[in-house]
Amino acid sequence: MNSATINRRRVISGAASLLAAGSLPLANNPARAAKEFRLVSAPARLTLVGAQHPATEVWCYDGRVPGPEIRVRQGDRLRVVVENRLPEDTTVHWHGVRLPNAMDGVPHLTQKPIAPGGRFTYEFECPDAGTYWYHPHQSSAEQVGRGLSGALIVEERDSVEVDRDITWLLSDWRLLKDASISGDFKNMHDVSHGGRIGNVVTVNGAVRDTFEVRAGERIRLRLVNAANARIFALEFEGHAPKVIALDGQPVEPHEPPSGRVVLGPAMRADLIVDLTGAPGQSFRVVDRFYASLNYRLLNLVYSEEPPLREPSARDHIRLPSNPIAEPALDTAERHKIVLGGGMMGQMRAAILDGKRADIRTLFQNGLAWAINGVAARGHVHEPFLTWSLNRSYVIEMVNETAWHHPMHLHGHSFRVISRNGEPTRHKEWQDTALLAPRERVEIALVADNPGDWMFHCHILEHQEGGMMGVIRVV
Ligand code: C2O
Ligand code: CU
């Protein structure tokens with residue numbers, strides 16, 4: 001035994017006696033070990049579109065797309081050692097998790113980027129059960145577009161009764177004829193229109209024809225939209241799935257409006273799908289978001305096995321709520337956030353680096369969008385809003401553009417309370433709210449997490465094209 005070990009022993013036994021004396025806060029209880037994972041970001045060659053095509057060189061975690069599904073239980077401490085073997089800097093952002101600012105993975109704002117060959121250890125508690133995901137926040141349009149993303153599942157303390165708990169991480173790729181990734185990232189057409197919408201959609205990293213199910217079973221289906229820009233509107237033909245959570249947070253169970261589960265980039269939905277078909281049947285899952293581009297995502301194919309149980313033998317599932325502070329709407333401070341820019345918009349100029357710049361100058365700098373008249377670039381920003389810790393806020397977001405924008409706030413979940421002046425039915429908690437062209441959406445939250453938090457469009461080309469900013473909570 002060397003002396004370092006002995007010293008550590010002494011320190012540990014010292015801490016133990018302090019604990020016995022009741023002088024250490026419970027949060028430092030060393031008995032609560034973190035669950036540890038390792039992630040390596042690196043290039044890899046994978047088959048995305050089937051064996052008849054060449055493999056695709058991607059960037060990914062642990063050599064697979066999506067990265068490994070990380071599963072912990074609510075309240076667990078998670079520690080992830082990230083090793084960067086990419087040819088450039090990276091970070092990992094834990095999308096939707098209400099974690100301490102220093103673990104948020106935003107380069108230059110919350111940490112130094114991880115250089116090639118370097119490592120960074122993320123460690124935080126997961127306060128909320130639900131479906132989350134992780135991705136780089138460095139050069140995200142290119143790094144996510146090349147395949148870096150994975151699901152983070154925080155299980156409820158008491159497990160939810162379903163036959164299978166399944167994740168479909170949806171990715172969108174722009175591939176050339178030889179199945180290689182098109183290198184035209186951040187081109188001004190994508191930036192100023194709807195973002196980089198690709199030509200291949202994968203479910204868990206592969207183009208799939210079928211998903212096997214059994215009659216009578218009940219599936220919890222966790223959908224994660226990990227695409228740069230594509231919005232999905234999934235219809236499960238012949239089935240009536242119920243939405244039980246959005247962006248990880250429980251919601252009053254409901255059938256999605258018009259039977260379509262709409263997910264902007266970064267958004268998640270947990271569905272309960274009761275397999276009410278008969279053995280041997282097959283049903284399409286169709287994406288109908290873009291009117292002219294409907295396509296079949298895959299088929300639900302029933303095995304020949306007899307039904308697992310009678311359809312009537314199932315209770316409704318309602319998830320326990322997460323410990324999120326309820327905003328006080330009557331005393332909340334109000335702010336307006338105006339989204340401007342893009343093709344067919346009215347924006348003629350914006351503030352760039354503190355100076356007025358006309359639209360041509362903005363374009364020459366790769367920018368096409370603004371929040372409250374400011375086009376942001378790079379990663380260090382002065383906050384455009386400063387909030388007081390634990391105060392309630394209502395933000396009215398006004399989309400003055402001709403495009404959809406999934407607007408994401410880091411470090412918090414917020415309630416979506418109205419759309420175009422109409423109260424929402426479910427006051428759903430989200431971390432990313434999808435705004436249709438010209439739509440006005442009000443959100444409400446308690447600013448209870450101190451730090452500098454990104455607020456940005458999750459169409460990654462819009463984000464890098466200026467639609468981002470920082471909100472400071474002090
Ligand atoms: Cu999913 Cu700022 O990110
Ligand atoms: Cu946008």
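Residues numbered from 1 in each chain as written. Chains lettered and ligands numbered in written order. Predicted model: local features only at pLDDT ≥ 70, side-chain atom pairs only at ≥ 80, totals over all residues. Heavy atoms only, no water.

Asker: I'm lost on the domain arrangement of the protein chain in this one. Help?
Answerer: Domain annotation for the protein chain reports domain 1 (3–155), domain 2 (164–302) and domain 3 (333–473). Tallying the contact residues gives 31 residues for domain 1 and 29 residues for domain 2. Together, the buried faces of domain 1 and domain 2 total about 2,400 Å²; carbon and sulfur atoms form 59% of this surface. In terms of surface lost to domain 2, no three residues of domain 1 exceed Leu48, Thr131 and Trp133, which account for 26% of the buried area on that side. Our enumeration of links across domain 1 and domain 2 arrives at one salt bridge. Ionic pairing is found between aspartate 165 and arginine 71, a salt bridge with its closest N-O pair at 3.2 Å. Put simply, domain 1 and domain 2 have twelve residue pairs in polar contact (both at pLDDT 80 or more) between them. Of all the secondary structure elements, the ones that give two or more residues to the side of domain 1 that touches domain 2 are β2 (56–61), β3 (67–73), β7 (130–135), α2 (140–145) and β8 (150–155). Partitioned by chemical class, the residues of the side of domain 1 that touches domain 2 number 13 nonpolar, twelve polar and six charged. (Domains from an automatic or database assignment. Contact = heavy atoms within 4.5 Å. Buried area = accessible area lost by both parts, 1.4 Å probe. Salt bridge = Lys/Arg side-chain N within 4 Å of Asp/Glu carboxyl O. Polar contact = N/O pair within 3.5 Å; in protein donor to acceptor, adjacent residues only side chain to side chain. Helix = DSSP H or I, 4+ residues; strand = E, 2+ residues; numbered from the N terminus. Nonpolar A, V, L, I, M, F, W, Y, C, P; charged D, E, K, R; others polar.)

Asker: Which parts of the structure should I look at to understand the environment of glutamine 364?
Answerer: Within the secondary structure, glutamine 364 is located in helix α4 (residues 359–364). Glutamine 364 gets classed as exposed once you look at its relative accessible area, which sits at 58%. Expressed as a C-alpha distance, the spacing of glutamine 364 and alanine 436, which sit 72 residues apart in the sequence, is 27 Å. (Buried < 20%, exposed > 50% of the residue type's maximum accessible area, 1.4 Å probe, protein only.)

Asker: I tried to follow the layout of surface pockets on my own but got confused; where do I start?
Answerer: Any space left empty among the atoms is revealed by the rolling of a water-sized probe across them. Counted as a void, the largest pocket has a volume near 640 Å³. Along its surface, the largest pocket is lined by 22 residues, and Pro257, Arg260, Val262, Arg419 and Glu428 are the ones closest to its centre. Those elements giving two or more residues to the lining of the largest pocket turn out to be β14 (242–246) and β16 (260–263). Looking at the lining of the largest pocket element by element, the count peaks at three residues for β16. Here the lining of the largest pocket is built from residues that sort into ten nonpolar, six polar and six charged. Domain assignment of the residues forming the lining of the largest pocket places at least three in each of domain 2 (164–302) and domain 3 (333–473). Taken together, 18 residues line the second largest pocket, and the ones lying closest to its centre are Pro250, Val251, Glu252, Leu319 and Ser321. Per element, the largest residue contribution to the lining of the second largest pocket is five residues, and it comes from strand β15 (residues 249–254). Per-domain counts for the lining of the second largest pocket show at least three residues from each of domain 2 (164–302) and domain 3 (333–473). (1 Å grid on protein atoms, 1.4 Å probe; cavity = no way out; pocket = protein on both sides within 12 Å on 5 of 7 lines; lining within 4 Å. Points joined across faces, edges and corners; volume = space filled by probe spheres on them.)

Asker: Can you walk me through the environment of aspartate 274 in this structure?
Answerer: Among the structural elements, aspartate 274 can be located in strand β17 (residues 268–274). Here the alpha-carbon distance between aspartate 274 and arginine 218, two residues 56 residues apart in the chain, equals 4.6 Å. Beyond its immediate stretch of four places on either side in the chain, aspartate 274 contacts Glu217, Arg218, His239 and Arg314. In this structure the side chain of aspartate 274 is engaged in a polar contact, spanning 2.7 Å, whose partner is the side chain of arginine 218.

Asker: Any chance you could explain the coordination of the copper ion (ligand 2) here in plain terms?
Answerer: Angles at a metal have ideal values that depend on geometry: 109.5 degrees with four tetrahedral donors, 90 or 180 degrees with six octahedral donors. Summarising the metal site, the copper ion (ligand 2) is bound by the protein donors His405 (ND1), Cys457 (SG) and His462 (ND1), whose distances to it range over 2.0 to 2.1 Å. Of note, the donors binding the copper ion (ligand 2) are all from one chain and are spaced H-x51-C-x4-H. Of this pair, histidine 405 sits in strand β26 (residues 405–409) while cysteine 457 sits in strand β32 (residues 451–457), and the two are 52 residues apart along the sequence. With a relative accessible area of 0%, histidine 405 lands in the buried category. Look at cysteine 457 and you get buried, because its relative accessible area is 0%. (Donors = N, O, S within 2.8 Å, 3.2 Å for Na, K, Ca; no water.)

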